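# What the coordinates show
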2 protein chains.
Amino acid sequence: MRSTPADGDLTTRARIRDVALDRFGRDGFAATGVRAIATGAGVSPGLVLHHFGSKDGLRQECDDHVARTIREIKQAQAADPMASMDGWTAKVHELDWLRSYLSRALTDGSDLAFRLFAELSTDAESYLAQWEEHGLIRPSEDPVGRAAYLTATSLGMVVLRPLLARHLGVPDGPDVLVHLSRAAMDMYARGLFADPAIGEQLAARLEENT
Amino acid sequence: MRSTPADGDLTTRARIRDVALDRFGRDGFAATGVRAIATGAGVSPGLVLHHFGSKDGLRQECDDHVARTIREIKQAQAADPMASMDGWTAKVHELDWLRSYLSRALTDGSDLAFRLFAELSTDAESYLAQWEEHGLIRPSEDPVGRAAYLTATSLGMVVLRPLLARHLGVPDGPDVLVHLSRAAMDMYARGLFADPAIGEQLAARLEENT
DNA sequence: TGGCGGGCTAAACGATCGTTCGGGTAGCAT
DNA sequence: ATGCTACCCGAACGATCGTTTAGCCCGCCA
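What you see is a predicted model; the values in this text were computed from it and never measured.

Turning next to the overall build of chain A. For chain A, the count of helices and strands is 12 helices and zero strands. Starting at the N terminus and walking to the C terminus, you meet the elements of chain A as α-α-α-α-α-α-α-α-α-α-α-α. Referenced to the eigenvectors of the C-alpha coordinate spread, the extents of chain A come out at roughly 65 × 40 × 35 Å. In chain A, of all internal contacts separated by at least 6 residues, the share reaching a separation of at least 24 is 52%.

Below, the structure is given as structure tokens:
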């Protein structure tokens, strides 16, 4: 596994990067000063720019680090839906250190965000097609839209996790997503409406006034 | 309807507020200078702080304006799910000017965001309970969690709209949400899995390794 | 042993930040 | 006419920003 901020024996360069990831995620990129990162890493402000060229270079390094990590996690993903469920809880915990940074990136419209979203969505698309062949999930009239929808809802939960936690009255942390995944599973299993016809009526009503 | 940035005959104070809403939403709070807002509104930097006391006061005014607007829209909400669907498309278009500001607020963990999320989620909860009584939707083992989940997924689509649009290859705008609402309706109507038992198996599998 | 490159610090640069201040002008009441 | 109030400008303040520069220290190679 790639280095995380929890590790103690990192290169100075990696330590700066991890502090930056934390601060950028917590306070935002513009609101975080180079001096704050330097102090947090126990180094001088000059060293930060010695290693990364500029503040933007440091951001780029953070983006790359996050992108690399998620790509590694994805590679370890099992194709079997049952087996893929096994590592899910552990993964959510493992990636907790990059959640807030990712959340900010997703609302910034950064390149990292778009590439990540595109990758996750096309991944979801192929998984869904695969499972559809096995008869596990229903076919869709709009497979691309469905995959994008599912990706967006999942990432939305990641982004809004602090609000969800506060509203539900539970401490914010990875377990919030685990808890909410039950509601998601219930929705995936049976939908929301008592009768599918109701959904179709609503969809038709929606189609009318467009 | 409350004033929107499209109106031309606003007080200087309101014009500054609307420019600030746009810039804060587009570039973020910390990255937006008072001077940029002043220039955009065609006034001096001093006037901005004359009206709002400080940059934070201006942000507060923006928060209040957004909160007021959404609250007004909510009051016009119909209780009947069918009728409520009629105004949906229009509402999404009408509130377009505050989308990016709201999106940033939701990831900032601001007070506006939390209050809004709490309101929307409890609203959803009572609507769902109401419709459940009418037999329109299935009962839930966790009504609070279900309402929070649905609220989070809906707001998640709002936040991630630019990414969705870019990935789907359509121009970013309110219609992206209208388009995606079909995928949502399909999910609400029939769920994802071909057989509800599959969802229960996955949920059980999830429960095991916690 | 002498040089040399990389990690690192301290000090300073100009730019830009939020904010303050003094004054100026138009409208309205006295 | 006078004073008051609200709206507004332009210049300036100190602080902080990202970045640059000069130089120190230490391990490695010749």
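This part takes up the relation of the copies chain B and chain A. Superposition record for chain B on chain A: RMSD 0.0 Å, screw rotation 180 degrees, translation along axis 0.0 Å. Classification of the inter-copy transformation places it as that of a two-fold axis. A high fraction, 100%, of the interface residues of chain B reappear at the interface in chain A, so the copies pair face to face through one surface.

A packed helix pair is summarised by two numbers, namely the angle formed by the two axes and the spacing between the axes. Residue and element names in this part refer to chain B. Put simply, helix 1 (residues 12-27) and helix 7 (residues 99-108) touch, their axes get as near as 8 Å, and they point 55 degrees apart. By the angle between their axes, helix 1 is oblique relative to helix 7. Crossing hand, helix 1 versus helix 7: left-handed. Where helix 1 approaches helix 7, its residues Leu-21, Phe-24, Gly-25 and Arg-26 are matched on the opposing element by Ser-100, Tyr-101 and Arg-104. Taken together, the residues of the contact of helix 1 with helix 7 break down into three nonpolar, two polar and two charged.

What follows deals with the protein's contact with DNA strand D. Taken together, 16 residues sit near DNA strand D, with A:Gly33, A:Ser54, A:Lys55, B:Thr12 and B:Gly46 positioned nearest. Within the residue set of the surface near DNA strand D, elements represented by two or more residues are helix 2 (34-41), helix 3 (45-52) and helix 4 (55-75) of chain A together with helix 3 (45-52) of chain B. With four residues, helix 3 of chain B is the single largest residue contributor to the surface near DNA strand D. Of the residues that constitute the surface near DNA strand D, the class distribution is six nonpolar, seven polar and three charged.

Bringing the protein's contact with DNA strand C into the picture now. The environment of DNA strand C is formed by 16 residues, the closest being A:Thr12, A:Ser44, A:Gly46, B:Gly33 and B:Ser54. Residue assignment for the surface near DNA strand C shows that the elements contributing at least two residues are helix 3 of chain A together with helix 2 (34-41), helix 3 and helix 4 (55-75) of chain B. At four residues, helix 3 of chain A tops the list of elements feeding residues into the surface near DNA strand C. Looking at the surface near DNA strand C, its residues break down into six nonpolar, seven polar and three charged.

Cut-offs used in this document
- Residues numbered from 1 in each chain as written.
- Chains lettered and ligands numbered in written order.
- Predicted model: local features only at pLDDT ≥ 70, side-chain atom pairs only at ≥ 80, totals over all residues.
- Helix = DSSP H or I, 4+ residues; strand = E, 2+ residues; numbered from the N terminus.
- Contact = placed C-beta atoms within 7 Å.
- Least-squares fit on C-alpha atoms with pLDDT ≥ 70 in both.
- Axes fitted to C-alpha atoms, helices over the stretch in contact; angles between N-to-C directions.
- Parallel < 35°, antiparallel > 145°, perpendicular 65-115°, else oblique.
- Left-handed = near helix turned anticlockwise from the far one by under 90°.
- Nonpolar A, V, L, I, M, F, W, Y, C, P; charged D, E, K, R; others polar.
- Near = placed C-beta within 6 Å.

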